[in-house]
Amino acid sequence: MERQWSAREQHRAAVLSLLHRGHELTRGEIADRLGLTRSTVSEVLTTLRGDGILAVSRSRPPGGRGRPAEVLRIHPGAVRYIGLDFSHTSVTVCLANSAAEVIASGAVAYDHATGWESRVRSGVDLVRSLTDGDVHLGPLAGVGIGLPGPNSASWDGFHRVDGTTEPFHLVRARIREVFGEEFRAPVIVDHHIRFAALQEAAAAGGVDRSLVYLRLSTGAGGAVLGGHVALRGSHLLAGEIGHMTVDRSSAAQLCRCGRHGCLETVASKEAVLSRWRGLTDESADLESLQAAIAGGDSAALRLITEVAETVGRVVGVTALVMDPDQIVIAGEVGALLRRALPALREAVVQETLTGDELHIRIARTDSEQGARGAITALRATDDVPDLYRDFRIPTEGFFDPAGGTSVS
């Protein structure tokens with residue numbers, strides 16, 4: 001049986017619907033726009049201000065006699081969207097207001113072997129730690145959670161069958177359940193690289209463009225966008241170009257997915273660092289590789305060129321299938337490839353029919369991109385209730401598992 005909303009709840013939702021669209025209005029203007037009595041609106045506004053959801057932006061001089069009228073807006077510290085990005089080694093959280101402006105953010109690292117119980121608790125605790133003082137969850141509309149691909153970690157009780165696989169759909173469902181119960185809001189869960197790709201497209205002002213996106217960081221995650229949608233696929237694996245096989249030799253490295261020779265085993269941060277340390281010493285880090293590349297070190301340039309050529313072949317094959325407007329390479333390793341971009345481009349051109357017409361670029365490294373992308377997706381699906389609509393709180397995820405993460 002569906003929950004019935006009281007008149008008070010409907011009036012509250014109508015006021016929030018109006019103000020969440022960015023309006024700054026007086027009490028009288030709100031009453032006039034909604035067709036409600038001023039006493040009804042005053043009662044709602046008093047409650048919302050007491051809850052810290054509304055704030056006075058300024059006072060407007062009266063037209064004649066009387067006191068100045070208070071102009072009300074959504075409180076800038078009132079969190080409407082929570083975006084989380086769980087990578088293999090850390091969780092990043094961004095809290096955003098109704099304008100999708102990030103008002104608080106943070107990250108917590110964990111070991112790659114950490115189980116999902118601890119990862120999730122780190123995420124929940126981080127959200128709670130960020131909601132302090134003026135930052136609060138009063139008008140929360142949803143939580144968006146980006147996860148890495150399968151085989152990142154396990155949940156106690158969900159036992160792996162052969163050491164490499166796990167019932168990841170159960171992990172996703174449990175994560176959605178935990179955050180839904182914790183924050184009493186709808187929860188969407190998708191691949192964190194899809195969210196990052198959405199944010200990259202939105203930031204460039206072109207969510208309608210087709211895009212091949214590859215982030216080379218602790219893993220090698222990919223996503224493909226087309227027609228306002230980050231494609232998911234029937235098994236939620238669309239765009240996983242980081243797991244295309246690039247090494248079929250007997251020395252091919254084991255990937256976390258259980259196969260050998262995936263792009264991730266060649267172009268992820270740990271894979272590149274392992275090769276660099278083999279050329280230098282065991283204490284070498286990514287910063288030393290970056291410095292060596294900038295200084296023109298021949299071994300460093302040879303290493304990064306080989307990686308660029310391999311990456312170029314993979315995204316080139318993907319581009320042949322997708323025929324995208326552009327290819328975007330991101331992540332810490334992606335930033336290193338800037339010096340070897342000509343080699344990467346040449347490898348792409350050899351695999352495609354479009355040749356030099358294809359736009360390839362290295363994106364700015366942004367650790368919050370996945371969490372911000374989750375917020376972008378939440379805002380696109382945030383249909384704030386209207387006074388004359390059927391008022392129901394959604395209890396299911398926003399996305400059809402067979403559909404896509406859509407932005408309009």
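Look a little higher up for the structure.
Residues numbered from 1 in each chain as written. Predicted model: local features only at pLDDT ≥ 70, side-chain atom pairs only at ≥ 80, totals over all residues. Heavy atoms only, no water.

Trainee: I'd like to hear about the overall build of the protein, residue by residue, with values.
Mentor: For the protein, the count of helices and strands is 13 helices and 13 strands. Burial status across the protein gives 49% buried among its 408 residues. In the protein, the share of contacts with a sequence separation of at least 24, taken over all contacts with a separation of at least 6, comes to 63%. Summing over all exposed atoms, the protein offers an accessible surface of approximately 19,000 Å²; the carbon and sulfur share of this is 48%. (Helix = DSSP H or I, 4+ residues; strand = E, 2+ residues; numbered from the N terminus. Buried < 20%, exposed > 50% of the residue type's maximum accessible area, 1.4 Å probe, protein only. Contact = heavy atoms within 4.5 Å. Areas by Shrake-Rupley, 256 points an atom, 1.4 Å probe, with all protein chains shown as cover.)

Trainee: I'd like a description of the packing of aromatic side chains, backed by residues and values.
Mentor: One pass over the full model with this rule turns up 3 aromatic pairs. A ring pair is formed by Phe86 and Trp116, whose centres lie 5.4 Å apart and whose planes are at 75°; its orientation type is edge-to-face. Here Phe86, found in strand β3 (residues 81–86), pairs with Trp116, found in helix α4 (residues 116–130); they are 30 residues apart in sequence, far enough to count as distant. Relative accessible area serves as the criterion here: at 0%, Phe86 is assigned to the buried category. With centroids separated by 6.1 Å and ring planes inclined at 25°, the aromatic side chains of Phe179 and Phe183 adopt a geometry described as stacked. Here Phe179 and its partner Phe183 are both found in helix α5 (residues 168–183), 4 residues apart, which amounts to about one turn of the helix. (Phe/Tyr/Trp six-rings, centres within 6.5 Å; stacked < 30°, edge-to-face > 60°.)

Trainee: An account of the packing of helix α8 (residues 269–279) against helix α9 (residues 286–294) is requested, with residue identities and associated values reported.
Mentor: For the pair α8 and α9, the least separation of the axes is 10 Å and the interaxial angle reads 65°. Judged by the inter-axis angle, α8 sits roughly perpendicular to α9. With respect to the hand of their crossing, α8 and α9 are arranged in left-handed fashion. Counting all contacts with α8, which are made through Lys269, Val272, Leu273 and Trp276, the residues of α9 involved are Leu286, Ser288, Leu289 and Ala292. (Axes fitted to C-alpha atoms, helices over the stretch in contact; angles between N-to-C directions. Parallel < 35°, antiparallel > 145°, perpendicular 65-115°, else oblique. Left-handed = near helix turned anticlockwise from the far one by under 90°.)

Trainee: Outline the state of the cysteines, listing residues and values.
Mentor: In this structure the tally under the stated criterion is 0 disulfides. No disulfide involves Cys255; its sulfur sits 3.8 Å from the nearest other cysteine sulfur, which is in Cys257. (Disulfide = S-S within 2.5 Å.)

Trainee: Account for the sheet that holds β3, naming residues and giving values.
Mentor: Paired through their backbone hydrogen bonds, the strands of a sheet run either parallel or antiparallel. Taken together, the 5 strands give an open sheet; going across it, the order is β5-β4-β3-β6-β7, and neighbouring strands pair in mixed fashion. Of all the strands in the sheet, just β5 (102–109) and β7 (187–191) have a single pairing partner and so form its edges. Strand-to-strand twist of the sheet, defined as the mean angle between neighbouring strand axes without regard to direction, takes the value 15°. In this sheet, strand β6 (residues 142–147) lies alongside β3 in parallel orientation, the contact comprising 5 bridges. (Pairing = 2+ DSSP bridges.)

Trainee: So, α4: which residues are in play, and what are the values?
Mentor: When the terminal C-alpha atoms of α4 are compared, their 21 Å separation across 15 residues agrees well with the 21 Å that a helix rising 1.5 Å per residue should span. Of the residues making up α4, those classed as buried are Trp116, Arg119, Val120, Gly123, Val124, Leu126, Val127 and Leu130. The arc enclosing the buried residues of α4, seen along the axis, measures out at 160°, which places them on a common side. (Expected span 1.5 Å × (residues − 1). Arc of directions from axis to C-beta.)

Trainee: Residue-level account of the pattern of salt bridges, with values.
Mentor: Tallying each qualifying case throughout the model produces 16 salt bridges. Notably, a salt bridge pairs Arg361 with Glu200, separated by 2.7 Å at the nearest N-O pair. Here Arg361 is found in strand β12 (residues 359–362), whereas its partner Glu200 is found in helix α6 (residues 192–203), with 161 residues between them in sequence. Looking at Arg361, the relative accessible area reads 21%, which means it is partly exposed. The shortest N-O distance in the salt bridge between Lys269 and Glu332 comes to 3.5 Å. Here Lys269 is found in helix α8, whereas its partner Glu332 is found in helix α11 (residues 331–336), with 63 residues between them in sequence. (Salt bridge = Lys/Arg side-chain N within 4 Å of Asp/Glu carboxyl O.)

Purely geometric stuff here, so don't read any function into it on its own.
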